[in-house]
Amino acid sequence: GQAEGAVYNNNAQVGSSRFLEQLKKQNTVADIAAILPGLPKEGNGLVKLSVLNNVMHIPYDFTRLRAKELMKLGIYVKTGLWSQDEVDILMTNLERFLAVHNNFSIEQLMHPKVMDCNPLETKKYVTQKNFFGYMRHNICRGKHSIYMKCLKLFHPFTKNNKFSKKETEALFSLRKVYGNDWTSISKITSRTNNAMSDQYHNMVRAKAISESSINPWSTEEDLIMIKLIREITHTDAVAGMYFNLPWKEIGTRMPDRTFNQCRERWLTVLCWRLHYGGGDINASPRHWRLTYRYQLIHAIYDQNVESEEQIRWMELMYLFRYCTSSPQHLMSKWSHLKLKYKLTANERNLKQLCINIFRSETGKDLVKFATQYDVNKITPG
């Protein structure tokens, strides 16, 4: 599919220092084609582009193979949370599209089944009228990212209020009748497919956690799961194995435990004990403190990378080994900081984002107070 990249005056939305050095040396739009082959051209042979807020937007056809080749050069497509500026541009693009093509509403185009429309007919209309060409204008996102955002924004049953007890009870009753057919359940409840699915699984998980607190993990269960993971992975060296474990298989082979319970037990307790606790069955990291999140911002800043995809979470795990149980825990803390801080379209550079979040949290300058929040000051005990 198509994805758009952008080159800033001082940093790169999609790129690396190597990419920027080439741009600064050549300094012409035409020469960008030498770095990114296959760019769409205008009639005069120059690269097709548009400019918005001093940002040059370049449409680029990213195949999976080409994306992998570009990643080797340090060139990445923008991912992650949408800023409010991006959403505003998306809404402007929608207005432009509907002003010209108004045979279907946006809800009908994005959710034809829910709106009782013919999916084949709406799909053909979207293709013929170049719907995503309109929606992608001046947005540095891939087609799939924009598609997923439109699905969420333009669902006819989108609600921001919490589920009532009555709605939750109805959800479980409907689940027994329709199974995982969330589209049919959505039509009956006037909630989105994702909202119904998420609520169901969240309630199931909450129930499992409640049962787990009533029936805490025993030492025997811990040993059984460690032995099982070693058996499934065909290695005894499971300490520090935080990623890519087959939790559904593990869950089916653990008596009286769900795969989510197994995953949570491993990531929050067992893996840390094997990796950093010396196998002590009573060892655990200390509780997460307020100052640790400031040190996390500093540590990410100090990695000197350009995008979140390049963050080395296992390195951070080692630095925070006395106060976190897993890299996933650090990822959740970072995501929470970003959610609190409202991103803007100009905050593409990760180091600048760290500086801005740090200032928002502390009122201080990250660079000036770097020594105070050095992660190396976290010690055992």
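Look above for the structure.
The rules we used
- Each chain carries its own residue numbering, running from 1 in the direction its sequence is written.
- Totals for whole chains, interfaces and linings use every residue, but because this is a predicted model, local features are given only for residues with pLDDT of at least 70 and side-chain atom pairs only at 80 or more, for both listing and counting.
- The side-chain numbers reported here are obtained from all heavy atoms of the structure, hydrogens and water having been left aside.
- Comment: elements are numbered from the N terminus, with helices defined as DSSP H or I runs of at least four residues and strands as E runs of at least two.
- All accessible-area figures derive from a Shrake-Rupley calculation using a 1.4 Å probe, and residue coverage is judged against the displayed protein chains alone.
- A helix's residues, less one, multiplied by 1.5 Å, set its expected span.
- Categorising residues by exposure relies on relative accessible area from a 1.4 Å probe, with only protein chains included: less than 20% of the type maximum marks a residue as buried, more than 50% marks it as exposed, and the intermediate range marks it as partly exposed.
- Note: the arc covers the axis-to-C-beta directions of the helix.
- Between two residues, a contact is recorded if the distance between any of their heavy atoms is within 4.5 Å.
- Among the buried residues, those of types Ala, Val, Leu, Ile, Met, Phe, Trp, Tyr and Cys that are joined through side-chain atoms within 4.5 Å form a nonpolar core.
- A fitted line through C-alpha atoms represents every axis, and for helices the fit uses only the stretch in contact; the resulting angles, taken between N-to-C directions, go from 0 to 180 degrees.
- Angles are sorted into four bins: roughly parallel if under 35 degrees, roughly antiparallel if over 145, roughly perpendicular if 65 to 115, and oblique for all others.
- Two helices cross in a left-handed way if the nearer one is turned anticlockwise from the farther one by less than a right angle. They cross in a right-handed way if the turn is clockwise.

Observations regarding the overall build of the chain
Broken down by element type, the chain carries 18 helices and three strands. Of the roughly 21,600 Å² of accessible surface on the chain, a fraction of 51% belongs to carbon and sulfur atoms.

A look at helix H12 (residues 219–233)
The end-to-end C-alpha distance of H12, which contains 15 residues, comes to 21 Å, matching closely the 21 Å that a straight helix rising 1.5 Å per residue would cover. Restricting attention to buried positions, one finds in H12 the residues Glu221, Asp222, Met225, Ile226, Leu228, Ile229 and Ile232. Along the axis of H12, the buried positions cluster into a sector of 160°, meaning they face one direction only. The exposed residues of H12 that point more than 90 degrees off its buried face are Glu220, Leu223 and Lys227. If you follow the buried residues of H12, they end up packed against helix H13 (247–253) and helix H14 (259–275). At the C-terminal side of H12, His234 shows a positive phi close to 60°.

A word on the nonpolar core
For soluble globular proteins, nonpolar side chains are generally found buried alongside one another. One finds Ile297, Ile300, Ile311, Leu316 and Trp334 to be the most contacted residues of the largest nonpolar core, which totals 24 residues. Of all the secondary structure elements, the ones that give two or more residues to this core are helix H15 (290–302), helix H16 (313–319), helix H17 (327–340) and helix H18 (350–362). Considering every element that reaches this core, the biggest residue donor is H15, with seven residues. The residues contacting Trp334, other than those within four sequence positions of it, are Leu296, Ile297, Ile300, Glu308, Ile311, Trp313, Leu350, Leu353, Cys354 and Ile357.

Notes on the side chain of Ser186
Its place among the elements puts Ser186 in helix H10 (residues 182–189). Aside from chain neighbours lying at most four places away, what touches Ser186 is His155, Phe157, Arg191, Thr192, Asn193 and Met196.

Some words on the packing of H15 against H18
Where H15 meets H18, the closest approach of the two axes is 9 Å, and the angle between their N-to-C directions is 160°. Viewed along their axes, H15 and H18 adopt a mutual orientation that is roughly antiparallel. Read as a crossing pair, H15 and H18 show a hand that is left-handed. Taking contact as the criterion, the partners of Arg293, Tyr294, Ile297, Ile300 and Tyr301 in H15 are, on H18, Leu350, Lys351, Cys354, Ile355, Ile357, Phe358, Glu361 and Thr362.

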